[in-house]
Amino acid sequence: MLIICLIDEEVVKKKDHSGGRRIMQQIGFLAPRPGVLARREEIVADLADLLPEGCLVHEPRRLVPFETDAFVSYRRLPLAVALPETTQQVAAVLKYCHRYGIPVVPRGAGTSLSGGAIPQEDAVVLGLSKMSRILEVDFASRTATVEAGVTNLAISDAVSADGYFYAPDPSSQLACTIGGNIGMNSGGAHCLKYGVTTNNLLGVKLVLVDGTIVELGGKALDAPGLDLLGVVCGGEGQLGIVTEATVRLIARPEGARPVLFGFDSAEEAGACVADVIGAGIIPVAIEYMDKPAIEICEAFAKAGYPMDVEALLIVEVEGSEAEMDAMLAAIIEIARRHGVKVVKESQSAMEAALIWKGRKSAFGATGRIADYICMDGTVPLGQLPHVLRGTAEIVAKYGLRVANVFHAGDGNMHPLILFNANDPEDAARAEAAGNDILKLCVDVGGCLTGEHGVGIEKRDLMRHQYSEADLAQQMAVRAAFDPQWLLNPSKVFPLEGRPAA
Amino acid sequence: MSLRHEPLSEAAAARLVQAASLGGARLAIRGGGTRSLVQPPEEADILSTRGLAGIVDYTPAEMTMTVRVGTPLSEIVETLAENRQMLSFEPLDLRAALGTSGAPTIGGVFATNASGPRRFVAGAARDSLLGVRFVNGRGEIVKAGGRVMKNVTGLDLVKLLTGSQGSLALLTEVTFRVLPLPETALTVVVSGLDDGLAVAAMATAVSLSVEVSGAAHLPESVRGRFAGGVLPEGAATVFRLEGLAASVTARAEKLEAALARFGAVYRADAETTLTLWREIRDAAPYADGTARPLWRVSVGPTAGHQLVAALRLETGVDAFYDWQGGLVWLRMEADAEAELLRRYVRAVGGGHATLLRARPEVLCAVPVFEPQPEALAALEGRVKAAFDPSGVFVSRMVAE
Ligand SMILES: Cc1cc2nc3c(=O)[nH]c(=O)nc-3n(C[C@H](O)[C@H](O)[C@H](O)COP(=O)(O)OP(=O)(O)OC[C@H]3O[C@@H](n4cnc5c(N)ncnc54)[C@H](O)[C@@H]3O)c2cc1C
């Protein structure tokens, strides 16, 4: 097996565009293909022929908004950005890029936290933002068919008057697109009961790297043949470009009530979560916040979170009043066994909305007080207390601070490691602490990422979770879709040890 | 005559597959053999998973179980039930319908993505499977996924392997999530609806916040063959509600009120519910001791009855519906009619039809799995080669 050695190996010190800060760059990208860079003008002209007016961005100044995503410490200016309006145009751009060996980076709203949508100098970014129509809502079949650039929230908004919603609800749902959700197999607070994107996706229209348009699945359950839809979901833009999706709608419950449970220690809260699930109770959501996160979110949302506790659980139950009461009673009894200090039910729809606003703004609110990186490891529930303790120790060892706010019910942790991006050493320490935390998650039987994807961020940790044979098998499947590794090529798989194209 | 191999460990299985791939031999993977109505092609040896059995890990509080693939499904179901847990996707047992014997294995369940009535709300086998170990066609031992509920680390090979019908790799160990057994269940029955009205009633039921966990329509031709004939006269449109007793009763009242405008409404108790939905799951009315062609067709929920109505004009069929009308169990009275059926499936908006039972010569001649369009068939061929480059594993799932 040949090994590709085109790696941008040096640790680049690069000027940050936003604040003139200098950040250590630990993670490499594939070196740009010189042949592609040299043909830049021609490529731009050709793409302009393939796309309608206003659908191609190429002046350097206008490329800047596309140089990164929500993993902002890394940036690369792309060669050009194509913003097609139809599946046919997506196919035409892919066919062209495939023919000339030009890398393509699919992009939705660019809210990826793992660098999944960060481009590279020789790549054409293919943005789906102009494809944002809701094509069909079929209540009798409980499905919506939408273009890939539709935002997550727009789907629920379009069906809510009729009493339905689309279940996976990333905190970024106002901005992120269904195409990006499929790319990352995104989750959200309410996925404990309803599952993540892959469990709510029925079909896609997919453009393969050579421009071939295929349909996977549809309104019928369980598509024929191999479950290609299952591997495309979470494929991080490496297997094809999704232009349309059919998703499952769910009837809104009669009522929903978030309840706050405050504890004196992280251990007690963590153990309470494990016992609730272990007792066979599956609420819609169990979210966890530690003291720093509570302070940050309360200052932002004024949600009435208790301030005198070390750890807070937001538990949402749903159903009729009687059902909610019954489930809550069972949960409260378990929480008592774990010394719960405060139990606070929301008193009105407005209070409930504030509780969720506080939780869903956690990342944004944290960003106002410090720079942060967000980890996303998932652990078996029984390990939650242990990993929370381990996280605190690791972060303390590096002399940093951490705020924990995450989807506790499914063990999906989000430690936000706070640091100062103006201090390159602090930034490097934060990255190192994050890596240690993720390794801890894997070592207790968990995984590197529960919903944010590998992107570039966790790429070089993949060998901690997978053996060479495991990775080789995944890469072989990747190559079955994209033999030349043109789609989002710097992501997910460590750059060393890839099979030759 | 085919040889039969029964490796007793994953390592032995890997050696066997590696030798086969180097020697150009071919292997047909077999679990309980409950779906094997025809023998594999003569040149292929049988690779039995029966020696790879046993529960490896079960942590009820974490709602996950890890088992070797040759473990009988019955052992798993019983162990889970002791802890009041279950497989949420209700794996089918088609032995009676197919006239086969043997014990279904958990590996076979996941390799066929066999999912019953709860599938349309709670997901399929593929949605419960968290992680796998497998031997690919090179004889390499590979793992994918893990044992946590949320995991997007790398490509989701777990999904790809579920339902791959032995075409890609030999699964050796599976980790899946389980759910609590509902405290109780009941069935709301609406009588006398024709297929079209039944679809409307089912759409109404799922639009309410009552969480039906089963919605099926049993036309008059089959109704009497369910639950020992206790369902009221006429077609039966049935809705299952599960959960805590108080909640189930409250939801039943709400559902009954909403369905009263469609027809006469009855309630079936927990015991009848258990039998009824097991029979729906296993296509019990077609366990008729014949080899008349039996199809399992998946279409959009509002398309199933249109498909059957169209077919009726051309050929003799008998049918009932699960999954809110989207899963059609079809028994042809004479010929398999594969082409006709698939043409109509496309005409009603698409889906797929799988032939489960027919005379052996028909099963050999007819594509039992839905043929794929050219571009997808080519892609599937490349995916197959990514797991099994020399074509060790024989299966009719992926076109060769
Ligand atoms: C404040 C904040 C909160 C967040 N909260 C959550 C959360 O609760 N849960 C969660 O899971 N994530 C969360 N995220 C992460 C992020 O929002 C999700 O990963 C989201 O799905 C990305 O969608 P996007 O449209 O922004 O996609 P992008 O960031 O543009 O792209 C994501 C990936 O998908 C690929 N891609 C995009 N569109 C397509 C397409 N049409 N076809 C094929 N591939 C495509 C890209 O190449 C990339 O690899 C959060 C992010 C932020 C900034």
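The shown structure was predicted, so the numbers you read here are calculated from the model rather than taken from an experiment.

Caption draft 1: Region of interest: the overall build of chain A. A count of helices and strands for chain A gives 18 helices and 20 strands. Since a compact globule built from 501 residues should have a radius of gyration of about 23 Å, the 23 Å found for chain A is in line with a globular shape. Its C-alpha atoms give chain A principal-axis dimensions of roughly 70 × 55 × 40 Å. Expressed as a percentage of its 501 residues, the buried residues of chain A come to 62%. Summarising the internal contacts of chain A: among those between residues at least 6 apart in sequence, 72% fall at separations of at least 24. On chain A, roughly 17,100 Å² of surface is accessible, and the fraction owed to carbon and sulfur atoms is 54%. Counting 45 positive and 63 negative side-chain charges, chain A places the centres of these two groups 4 Å from one another.

Caption draft 2: Examining the pairing of strand β19 (residues 401-407) of chain A more closely. All names here are of chain A. Burial runs high along β19: six of the seven residues are buried. Note that strand β15 (residues 285-290) and β19 share three bridges and pair antiparallel. Note on β19: the bridge partner recorded for Glu 287 is His 407. As defined by bridge partners, β19 adjoins strand β20 (residues 415-419) across four bridges and the pair is classed as antiparallel. Bridge pairing in β20 places Asn 404 opposite Pro 415.

Caption draft 3: Representation of the packing of helix α10 (residues 266-278) of chain A against helix α12 (residues 321-337) of chain A in the model. Residues and elements named next belong to chain A. Running from N to C, α10 and α12 cross one another at 140°; their axes reach a closest spacing of 9 Å. By the angle class used here, α10 and α12 are oblique. Seen along the crossing, α10 lies across α12 with a hand that is right-handed. Residues Cys 272, Asp 275 and Val 276 of α10 form the contact with α12, whose participating residues are Ile 331, Ile 334 and Ala 335.

Caption draft 4: A look at the interface of chain B and chain A. At the interface, 66 residues of chain B touch 81 residues of chain A. In total, about 5,700 Å² of surface goes out of reach between chain B and chain A, with carbon and sulfur atoms giving 58% of it. Contact with chain A buries surface across chain B, with B:Lys150, B:Val152 and B:Leu155 losing the most and accounting together for 16% of the total. Put simply, chain B and chain A have seven salt bridges between them. Across the pair B:Arg251 and A:Glu323 runs a salt bridge, and its minimum N-O distance is 3.2 Å. Taken together, the connections running from chain B to chain A amount to 31 residue pairs in polar contact (both at pLDDT 80 or more). A per-element tally of the side of chain B that touches chain A places helix α15 (residues 374-387) of chain B first, with eight residues. Considered class by class, the residues forming the side of chain B that touches chain A number 31 nonpolar, 20 polar and 15 charged.

Caption draft 5: View of the site of the ligand. Residues and elements named next belong to chain A. In the vicinity of the ligand, 35 residues are found, and the nearest of them are Pro 106, Thr 111, Ser 172, Thr 177 and Ser 186. Contact between the ligand and Thr 111: an oxygen atom at 2.6 Å from a side-chain N or O atom of the residue. Taking Val 242, its main chain carries an N or O atom lying 2.9 Å from a nitrogen atom of the ligand. Elements represented by at least two residues in the shell around the ligand include exactly β5 (104-107), α6 (178-184) and β12 (241-248). By residue number, the principal contributor to the shell around the ligand is α6, which donates five residues. Class assignment for the residues of the shell around the ligand results in 13 nonpolar, 19 polar and three charged.

Caption draft 6: Inspection of the sheet that holds strand β8 (residues 141-145) of chain B at higher detail. All names here are of chain B. If you walk across this open sheet you meet the five strands as β4-β5-β9-β7-β8, and the pairing is antiparallel. Looking at strand neighbours, the two that pair on one side only are β4 (55-59) and β8, the edges of this open sheet. Taking each pair of neighbouring strands and ignoring which way they run, the sheet shows an average axis angle of 15°. By the bridge criterion, seven bridges tie strand β7 (residues 129-136) to strand β9 (residues 169-177) in an arrangement that is antiparallel.

Caption draft 7: A look at the sheet that holds β19(A). Residue and element names in this part refer to chain A. With antiparallel pairing, seven strands are arranged side by side in an open sheet as β17-β14-β16-β15-β19-β20-β18. Strands at the two margins of the open sheet, each flanked by one partner only, are β17 (342-345) and β18 (371-374). In this sheet, neighbouring strand axes are inclined to one another by 20° on average, regardless of whether the strands run parallel or antiparallel. In the packing of helix α13 (residues 349-360) onto the sheet, contacts are made with β14 (255-263), β15, β16 (311-319), β17 and β19, and the angle to β15 comes to roughly 60°. Contacts between helix α14 (residues 362-369) and the sheet are confined to β18, β19 and β20, with β18 contributing the most and set at about 145° to the helix.

Caption draft 8: How the structure looks around the domain arrangement of chain A. All names here are of chain A. When its domains are assigned, chain A resolves into domain 1 (9-127), domain 2 (134-251), domain 3 (255-362) and domain 4 (370-443). Between the C-alpha centres of domain 1 and domain 2 the distance comes to 25 Å. Contact with domain 1, which involves 17 residues of that partner, is made by 17 residues of domain 2. In total, domain 1 and domain 2 occlude about 1,200 Å² of area from one another, counting both sides; carbon and sulfur atoms represent 74% of this. Where domain 1 packs against domain 2, one counts zero salt bridges. At the level of elements, α4 (87-100) and β5 are the ones that each hand at least two residues to the side of domain 1 that touches domain 2. Residues that form the side of domain 1 that touches domain 2 fall into these classes: seven nonpolar, eight polar and two charged.

Caption draft 9: Representation of unusual backbone geometry. With a phi angle near 70°, A:Val492 is a residue other than glycine that sits in the positive phi range. Tracing the backbone through its elements, the reader meets A:Val492 in the segment after α18 (468-481). At B:Met63, a residue that is not glycine, the phi angle is positive and equals roughly 55°. Within the secondary structure, B:Met63 is located in the loop between β4 and β5 (64-68).

Caption draft 10: Looking closely at the packing of α10(A) against helix α15 (residues 384-397) of chain A. Residue and element names in this part refer to chain A. One can describe the packing of α10 onto α15 by two numbers: an axis separation of 8 Å at closest approach and a directional angle of 150°. Here α10 lies roughly antiparallel to α15, going by the angle between them. Viewed along their axes, α10 and α15 form a crossing whose handedness is right-handed. Packed against α10, whose contacting residues are Ala 266, Glu 267, Gly 270, Ala 271 and Val 273, the element α15 presents Leu 384, Pro 385, Leu 388 and Arg 389 at the interface. Split by residue class, the contact of α10 with α15 holds six nonpolar, one polar and two charged.

Caption draft 11: View of the nonpolar core. One finds A:Phe261, B:Phe176, B:Trp295 and B:Leu330 to be the most contacted residues of the largest nonpolar core, which totals 192 residues. If one sorts the elements of this core by residue count, helix α16 (residues 424-443) of chain A sits on top with eight residues. Apart from residues lying up to four places away in sequence, A:Phe261 is in contact with A:Ala311, A:Leu312, A:Leu313, A:Val315, A:Leu328, A:Ile331, A:Ile332, A:Ala335, A:Val340, A:Val342 and A:Val343. Counting 49 residues, the second-largest nonpolar core is a separate cluster that includes B:Val212, B:Ala215, B:Ala252 and B:Leu294.

Caption draft 12: Looking closely at the packing of aromatic side chains. All names here are of chain A. In total, this model carries 13 aromatic pairs over all chains according to the counting rule given. Considering the side-chain rings of Tyr 96 and Tyr 100, the 4.9 Å spacing of their centres and the 50° angle between planes classify their relative orientation as tilted. Within this pair, Tyr 96 and its partner Tyr 100 are both found in helix α4, separated by four residues, close to a single helical turn. With a relative accessible area of 34%, Tyr 100 lands in the partly exposed category.

Caption draft 13: Just the domain arrangement of chain B, in detail. Residue and element names in this part refer to chain B. Taken domain by domain, chain B comprises domain 1 (1-181 + 370-400), domain 2 (184-281) and domain 3 (292-358). With centres defined by C-alpha atoms, the gap from domain 2 to domain 3 works out at 22 Å. The interface of domain 2 with domain 3 comprises 18 residues on the first partner and 14 residues on the second. Where domain 2 abuts domain 3, roughly 1,200 Å² becomes buried across the two surfaces, and 57% of that area is made up of carbon and sulfur atoms. Among the residues of domain 2 in contact with domain 3, Asp 195, Val 199 and Ile 280 are the three that bury the most area, contributing 33% of the side total. Arg 225 serves as the salt-bridge partner of Asp 318, at 3.6 Å between the closest nitrogen and oxygen. Joining domain 2 to domain 3, the criterion identifies five residue pairs in polar contact (both at pLDDT 80 or more). No other element matches the six residues that helix α8 (residues 195-207) contributes to the side of domain 2 that touches domain 3.

What counts as what
- Residues numbered from 1 in each chain as written.
- Chains lettered and ligands numbered in written order.
- Predicted model: local features only at pLDDT ≥ 70, side-chain atom pairs only at ≥ 80, totals over all residues.
- Heavy atoms only, no water.
- Helix = DSSP H or I, 4+ residues; strand = E, 2+ residues; numbered from the N terminus.
- Rg over C-alpha atoms; globule rule 2.2 N^0.38 Å.
- Buried < 20%, exposed > 50% of the residue type's maximum accessible area, 1.4 Å probe, protein only.
- Contact = heavy atoms within 4.5 Å.
- Areas by Shrake-Rupley, 256 points an atom, 1.4 Å probe, with all protein chains shown as cover.
- Lys, Arg positive; Asp, Glu negative; His and termini not counted.
- Charge placed at Lys NZ, Arg CZ, Asp CG, Glu CD.
- Pairing = 2+ DSSP bridges.
- Axes fitted to C-alpha atoms, helices over the stretch in contact; angles between N-to-C directions.
- Parallel < 35°, antiparallel > 145°, perpendicular 65-115°, else oblique.
- Left-handed = near helix turned anticlockwise from the far one by under 90°.
- Buried area = accessible area lost by both parts, 1.4 Å probe.
- Salt bridge = Lys/Arg side-chain N within 4 Å of Asp/Glu carboxyl O.
- Polar contact = N/O pair within 3.5 Å; in protein donor to acceptor, adjacent residues only side chain to side chain.
- Nonpolar A, V, L, I, M, F, W, Y, C, P; charged D, E, K, R; others polar.
- Near = heavy atom within 4 Å.
- Domains from an automatic or database assignment.
- Core = buried A, V, L, I, M, F, W, Y, C linked by side-chain atoms within 4.5 Å.
- Phe/Tyr/Trp six-rings, centres within 6.5 Å; stacked < 30°, edge-to-face > 60°.

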